[in-house]
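# What the coordinates show
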Amino acid sequence: MIEQNNKFSVSSIEKQGVNCLYLSGYLDAHTAPDLESAIEHIIKQGKSKILVNFRDLDYISSAGLGVFMAFIEEVREKGGDIKLADMKPKVFSVFDLLGFPLLFDVEKEEFSAIMKFTN
Amino acid sequence: MNFNNNTYQTEARFKCDSNELVNIREFVISQALYIGLNEDEAFKVSLAVDEACSNLVKHGKKRTSIENNCYIYLDVYSNQNQFIVEIHDKSESFNPNSVPSPDMQEYFKQFKHGGLGIHIMRSLIDDISYIPATNENAYNTLQLKKAIIK
């Protein structure tokens, strides 16, 4: 599944039972609903292990952070998690500014995040 | 519309629409770099302005009558020490300084979401002031000041 506009896209692939979302472009109040739809789509399929790869994401505002907060409780209650990986320093700085690494597992690489799900 | 004595730089008008946020950020970054902020500081100001304008789009648009076109006006100024962005709008007045900062430990514990935009603005900007619209001036003004580090 791919949600796409000219400023943001999110694509989804399943790897080792983990639903991996690949973000690119700008995640702001305009594009956040696309990510929300993508996560909703995974949860509706009964899946709750979600990895978000930020490698190609250039920007995030609080609207983007809010999407992860909106789903984290639900997926953890179902025994899953939303793990975050491969952020550019500028994107990580926004997560870090508000202390999000206290609540979310932020990994440098996708591989190590998937391992945390499977181990 | 400015309420200071700083050197005038430039102004821009954007529709009160989330689709414009990317253009608003690009405008602020280009002006900040031109005035002398480094890339990191320019990014911080653009994020703060994005948060302020996102709130206007979310809350302001529905409060403004449909007949009345909804616009956000940005004025950019500088003096020797500061880069200043003023955001003007005609929606219902709302002073972000009236909102207390959240306790993030509690925020995470209760899995809250939303309401972080003003907190981000405060974390990134040196001084935030607000002048609500009056009978004489129909525009609210939010002023964001960022020190120019030389």
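Look up: the structure comes first, before these words.
Because the structure is a prediction, the values reported are computed rather than measured. (Residues numbered from 1 in each chain as written. Chains lettered and ligands numbered in written order. Predicted model: local features only at pLDDT ≥ 70, side-chain atom pairs only at ≥ 80, totals over all residues. Heavy atoms only, no water.)

## Quick notes on the overall build of chain A
For clarity, the cut-off: Under the DSSP-based scheme used, a helix requires at least four consecutive residues in state H or I and a strand at least two consecutive residues in state E, with every element numbered from the N terminus. Throughout, radius of gyration means the C-alpha value; the globule benchmark is 2.2 Å times the number of residues raised to the power 0.38. The rule is simple: take the accessible area with a 1.4 Å probe, protein chains only, and divide by the maximum for that residue type; under 20% is buried, over 50% is exposed, in between is partly exposed. In what follows, a contact means two residues having at least one pair of non-hydrogen atoms within 4.5 Å.
Helices and strands together make up the secondary structure of chain A, namely four helices and six strands. Secondary structure elements of chain A, listed N to C terminal, follow the sequence β-β-β-α-β-α-β-α-β-α. For 119 residues, the compact-globule estimate of 2.2 N^0.38 gives 14 Å, and the C-alpha radius of gyration of chain A, at 13 Å, lies within 12% of that figure. In terms of overall dimensions, chain A has a C-alpha envelope of 30 × 25 × 25 Å along the principal axes. Considering chain A as a whole, with its 119 residues, one finds that 52% of them fall into the buried category. Restricting the contact set of chain A to residue pairs at least 6 apart, pairs at least 24 apart contribute 66%.

## A closer look at the side chain of Asp-105 of chain A
All names here are of chain A. Quick reminder of the rule: Pairs of N or O atoms are called polar contacts if they sit within 3.5 Å, as long as, within protein, a hydrogen donor faces a hydrogen acceptor (for residues adjacent in sequence, only side-chain-to-side-chain pairs).
Looking at the element boundaries, Asp-105 is found in the loop between helix 3 (89–97) and strand 6 (106–107). Note on Asp-105: relative accessible area 19%, which makes it buried. Of the polar contacts made by the side chain of Asp-105, one reaches the side chain of Lys-83; its length is 3.1 Å. Among all residues touching Asp-105, those that are not within four sequence positions of it are Lys-83, Leu-84 and Lys-116.

## Observations regarding the interface of chain B and chain A
Heads up, the rule is: Here the buried area means the combined drop in accessible surface, using a 1.4 Å probe, for two parts upon being joined, counting both sides. The term salt bridge refers to a side-chain nitrogen of Lys or Arg lying within 4 Å of a carboxyl oxygen of Asp or Glu. Under the convention adopted here, Pro, Cys and the residues Ala, Val, Leu, Ile, Met, Phe, Trp and Tyr are nonpolar, Asp, Glu, Lys and Arg are charged, and Gly plus all remaining residues are polar.
Chain B puts 23 residues into the contact, and the matching count from chain A is 25 residues. Interface area for chain B against chain A, summed over the two sides, is near 2,000 Å², with a carbon-plus-sulfur share of 73%. Summed over the three residues of chain B that lose the most area to chain A, namely Phe-43, Phe-108 and Phe-111 of chain B, the buried surface amounts to 33% of that side. For the pair chain B and chain A, the interface holds one salt bridge. Between Asp-28 of chain A and Arg-25 of chain B there is a salt bridge, with the nearest N and O atoms lying 2.8 Å from each other. The tally of links from chain B across to chain A stands at six residue pairs in polar contact (both at pLDDT 80 or more). Of all the secondary-structure elements, those providing two or more residues to the side of chain B that touches chain A are helix 1 (21–35), helix 2 (39–63), helix 3 (104–109) and helix 4 (117–124) of chain B. In terms of residues, the side of chain B that touches chain A owes the most to one element, helix 2 of chain B, which gives six residues. Of the residues contributing to the side of chain B that touches chain A, the split by class is eleven nonpolar, eight polar and four charged.

## Some remarks on the layout of surface pockets
Basically, it comes down to this: Using a grid of 1 Å spacing that covers the protein atoms alone, one calls a set of points a cavity when a 1.4 Å probe fits there but cannot get out, and a pocket when the set is open and has protein on both sides within 12 Å along at least five of seven lines; lining residues are those with an atom within 4 Å of a point. Grid points are joined across faces, edges and corners, and a volume is the space filled by probe spheres set on the points.
Roughly 820 Å³ of internal volume is contained in the largest pocket. Within the residue set of the lining of the largest pocket, elements represented by two or more residues are helix 1 (32–44) and helix 2 (62–77) of chain A together with helix 2, strand 3 (82–89) and helix 4 of chain B. Counting residues per element, the lining of the largest pocket draws most heavily on helix 2 of chain B, which supplies ten residues.

## Looking at the nonpolar core
As a reminder, the rule being used: We define a nonpolar core as any set of buried Ala, Val, Leu, Ile, Met, Phe, Trp, Tyr and Cys residues linked to one another through side-chain atoms lying within 4.5 Å.
Among the nonpolar cores identified, the biggest contains 73 residues, and Phe-54 and Phe-68 of chain A together with Ile-87 of chain B are the most heavily contacted of them. Considering each element in turn, this core owes the most residues, ten residues, to helix 2 of chain B. Sequence-distant contacts of Phe-54 of chain A, that is, excluding residues within four places in its chain, are made with Leu-23, Ile-60, Phe-68, Leu-84, Ala-85, Asp-86, Met-87, Val-91 and Phe-95 of chain A. Within the second largest apolar cluster, eight residues are counted, among which are Val-18, Tyr-22, Ala-113 and Ile-114 of chain A.

## Comments concerning unusual backbone geometry
The phi dihedral of Asp-86 of chain A is positive, around 60°, even though this residue is not glycine. Take Asp-86 of chain A: it is sitting in the loop between strand 5 (81–85) and helix 3. Overall, the relative accessible area of 26% leaves Asp-86 of chain A in the partly exposed class. In this structure, Phe-111 of chain B is a non-glycine residue whose phi angle is positive, near 50°. Here Phe-111 of chain B is to be found in the loop between helix 3 and helix 4.

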